[in-house]
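Take a look at the letters that make up each chain.
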Amino acid sequence: MRADARRNYDRLLAEARSGFAEHGTDTSLEDIARRAGVGIGTLYRHFPNRQALISAVFQDALAALLDRARDLGESENPCRALVEWLRAFVTYAGEYRGLSQALMSAPRDDDTSALGRCNLPLRTAGDALLARAQRAGAVREGVSIEDLLQLTNAIALASEQTPEDPELADRLLALTLKGLTPRPSASG
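Okay, so let's go over this structure. Values in this document were obtained by computation on a predicted structure and should not be read as measured data. (Residues numbered from 1 in each chain as written. Predicted model: local features only at pLDDT ≥ 70, side-chain atom pairs only at ≥ 80, totals over all residues. Heavy atoms only, no water.)

1. So, helix H8 (residues 145-161)
Compared with the 24 Å implied by 1.5 Å per residue over 17 residues, the 24 Å span of H8 between its first and last C-alpha is a close match. All of the buried residues in H8 are Ile145, Leu148, Leu149, Thr152, Asn153, Ile155, Ala156, Leu157 and Glu160. (Helix = DSSP H or I, 4+ residues; strand = E, 2+ residues; numbered from the N terminus. Expected span 1.5 Å × (residues − 1). Buried < 20%, exposed > 50% of the residue type's maximum accessible area, 1.4 Å probe, protein only.)

Here it is in structure tokens:
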């Protein structure tokens, strides 16, 4: 990428981060381009659609989540590792209003869309942590990483809609995790 194109790209990303944080992921792309000091055509040359721009903004968080999963992959307590990773996921998904909704609606099996391509590495990283927790007996069988990611996105979305309750995400995550634990077998 030429130096001027790189500067435009970086300014567009910075303005998108700012706009998404302030107004949500449905903020006007024209406003983002204007604030970056470029035309809308320049924005579309770098990001062919809104999903591509959202995906580019989410890349730092995605990298951090993947790194965190690798770090937690050797944790002595697999359940705690899974919980920490899910908390980090909720935190990152909640950074930009509308991101959790966009992630929830991104096709999980479509690696042709920008956000769809984020799903595979997230599912792979989370699935490894979930499998360890299941092997340790801390999470019941039958729970899938797809379900957990949808739940964590829903928690992030609920928190986004209730900013006056900063503890909501932790309470909902704790409630969700209680439902994941194996149920004791009934013995007669």
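Alright, that's what it looks like, and here's the rest.
2. As for the packing of helix H5 (residues 78-93) against helix H9 (residues 168-180)
Contact pair H5 / H9: the axes reach a minimum separation of 11 Å and the direction vectors enclose 140 degrees. Looking at the two axes, H5 sits oblique to H9. The way H5 lies across H9 gives a crossing that is right-handed. Contacts from Val83, Leu86, Arg87 and Val90 in H5 reach Ala169, Asp170, Leu173 and Leu177 in H9. (Axes fitted to C-alpha atoms, helices over the stretch in contact; angles between N-to-C directions. Parallel < 35°, antiparallel > 145°, perpendicular 65-115°, else oblique. Left-handed = near helix turned anticlockwise from the far one by under 90°. Contact = heavy atoms within 4.5 Å.)

3. Looking at the nonpolar core
By size, the foremost hydrophobic cluster in this structure holds 54 residues, and its most contacted members are Leu53, Phe58 and Trp85. At twelve residues, the largest contribution of residues to this core is made by helix H4 (residues 50-72). Each residue touching phenylalanine 58, except ones within four places of it in the same chain, is listed here: Leu65, Leu99, Leu103, Cys118 and Leu122. (Core = buried A, V, L, I, M, F, W, Y, C linked by side-chain atoms within 4.5 Å.)

4. A closer look at the packing of aromatic side chains
According to the stated counting rule, one finds two aromatic pairs in the structure shown. Between tyrosine 9 and phenylalanine 47, the aromatic rings sit 5.1 Å apart at their centres with planes inclined by 25 degrees, giving stacked as the arrangement. Placement of the pair is tyrosine 9 in helix H1 (residues 3-23) and phenylalanine 47 in the loop between helix H3 (40-46) and H4, with a sequence separation of 38 residues. For the pair tyrosine 9 and phenylalanine 47, one class covers both residues: buried. Taken together, a centroid distance of 6.0 Å and an interplanar angle of 40 degrees make the contact between tryptophan 85 and phenylalanine 89 tilted. Residue tryptophan 85 and its partner phenylalanine 89 are both found in helix H5; the two are separated by four residues, about one turn of the helix. The residues tryptophan 85 and phenylalanine 89 share a single accessibility class, namely buried. (Phe/Tyr/Trp six-rings, centres within 6.5 Å; stacked < 30°, edge-to-face > 60°.)

5. Observations regarding the environment of leucine 82
Among the structural elements, leucine 82 can be located in helix H5. Accessibility expressed as a relative area gives 1% for leucine 82, which makes it buried. Through-space distance from the C-alpha of leucine 82 to that of serine 159 is 20 Å; in sequence the pair is 77 residues apart. Those residues in contact with leucine 82 that sit more than four places away from it in its chain are Gly126, Leu129, Leu130, Ala133, Val139 and Leu148.

6. What about the packing of H1 against H4?
A pair of packed helices is captured by two measures, namely the crossing angle of their axes and the spacing between those axes. At their nearest, the axes of H1 and H4 sit 10 Å apart, and the two run at 85 degrees to each other. Taken together, the axes of H1 and H4 lie roughly perpendicular to each other. Residues Tyr9, Leu13, Ala16, Arg17 and Phe20 of H1 lie in contact with H4, whose contacting residues are Leu53, Ile54, Ala56, Val57 and Asp60.

7. A closer look at the side chain of glutamine 134
Its location among the elements puts glutamine 134 in helix H7 (residues 114-135). Residue class for glutamine 134 comes out buried when judged on its relative accessible area of 14%. At 3.1 Å, the side chain of glutamine 134 and the backbone oxygen of valine 143 are in polar contact. Excluding anything up to four places from it in sequence, glutamine 134 contacts Val139, Arg140, Glu141, Gly142 and Val143. (Polar contact = N/O pair within 3.5 Å; in protein donor to acceptor, adjacent residues only side chain to side chain.)

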